[in-house]
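# Commentary on secondary and tertiary structure
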Amino acid sequence: MTADQIREYLEPRRHEFADPRSLVLPALKFAQTGRGYLTREDMEAVAEATGYSASYVESVATFYDRVYTEPVGTRVVSVCVSMSCQLRGADQVWEALCDKEGVDHHHGGTSADGRITVQEAQCLGYCDRAACIQVDAEETQGPHTPDSARALVDELRAAPDPDEYWR
Ligand code: FES
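Keep in mind the model is a prediction, meaning the values are calculated, not measured.

## Side note on the packing of helix 3 (residues 40–50) against helix 4 (residues 54–63)
Remark: helix 3 packs on helix 4, axes separated minimally by 9 Å, with the N-to-C direction vectors making an angle of 115 degrees. As for how helix 3 packs across helix 4, the hand of that crossing is right-handed. Contacts from Met43, Glu44, Val46 and Ala47 in helix 3 reach Ala54, Val57, Glu58 and Ala61 in helix 4. Along the lines of polarity and charge, the residues of the contact of helix 3 with helix 4 split into 6 nonpolar, no polar and 2 charged.

This is the structure:
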């Protein structure tokens, strides 16, 4: 992603943000649509396009859990581990997905085939449907059980890859 492409994306949106620093996050999310994560060059392009320093841009990129500075799977499955979901079986959902995808039970991770990343999320605002899962930071769904969560990743694995990675 180039600085010019990012400027072109931001231009019609500038009026939506009273504080120009708020442009950095949408710029980062746009910059990761191509491959699903940001390279150092992408972050430098965001810095150039927004006029903020590379270190400031990197601090924003590493703060948010849906901005990725390392490769992630084709599909990202976020399991809510906050209180309401905990009370409705989030631990069991998390364990089931980590087992199924063969990833670390403490930190999650990406399956060996690179298709599915399992990560923790804090409250997704869907507490009345706990236990919840969000796919690609777009679609939140629940209530999930270990079985329904396993079925979900089977469906994701069978589906065509997204054209763009809006995470
Ligand atoms: S606690 Fe899980 S969606 Fe709110």
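## A short note on the nonpolar core
Burial of nonpolar side chains together is a common tendency in soluble globular proteins. Counting residues in each nonpolar core, the largest one holds 40 residues, and the members touching the most others are Ile6, Ala27, Ala31, Val46, Val79 and Leu97. When contributions to this core are tallied by element, the ones reaching two or more residues are helix 1 (3–10), helix 2 (24–31), helix 3, helix 4, strand 1 (75–80), helix 6 (90–101), strand 3 (116–121) and helix 7 (146–158). Composition of this core by domain shows at least three residues from each of domain 1 (3–63) and domain 2 (75–158). If near-sequence neighbours (up to four positions away) are discounted, Ala27 is found in contact with Ile6, Leu10, Val46, Ala49 and Thr50.

## Details of the domain arrangement of the chain
Per the domain assignment, the segments of the chain are domain 1 (3–63) and domain 2 (75–158). Here the C-alpha centre of domain 2 lies 28 Å away from the C-alpha centre of domain 1.

How each quantity is defined
Residues numbered from 1 in each chain as written. Predicted model: local features only at pLDDT ≥ 70, side-chain atom pairs only at ≥ 80, totals over all residues. Axes fitted to C-alpha atoms, helices over the stretch in contact; angles between N-to-C directions. Helix = DSSP H or I, 4+ residues; strand = E, 2+ residues; numbered from the N terminus. Left-handed = near helix turned anticlockwise from the far one by under 90°. Contact = placed C-beta atoms within 7 Å. Nonpolar A, V, L, I, M, F, W, Y, C, P; charged D, E, K, R; others polar. Core = buried A, V, L, I, M, F, W, Y, C linked by C-beta atoms within 7 Å. Buried ≥ 20, exposed ≤ 12 C-beta atoms within 10 Å, placed from the backbone. Domains from an automatic or database assignment.

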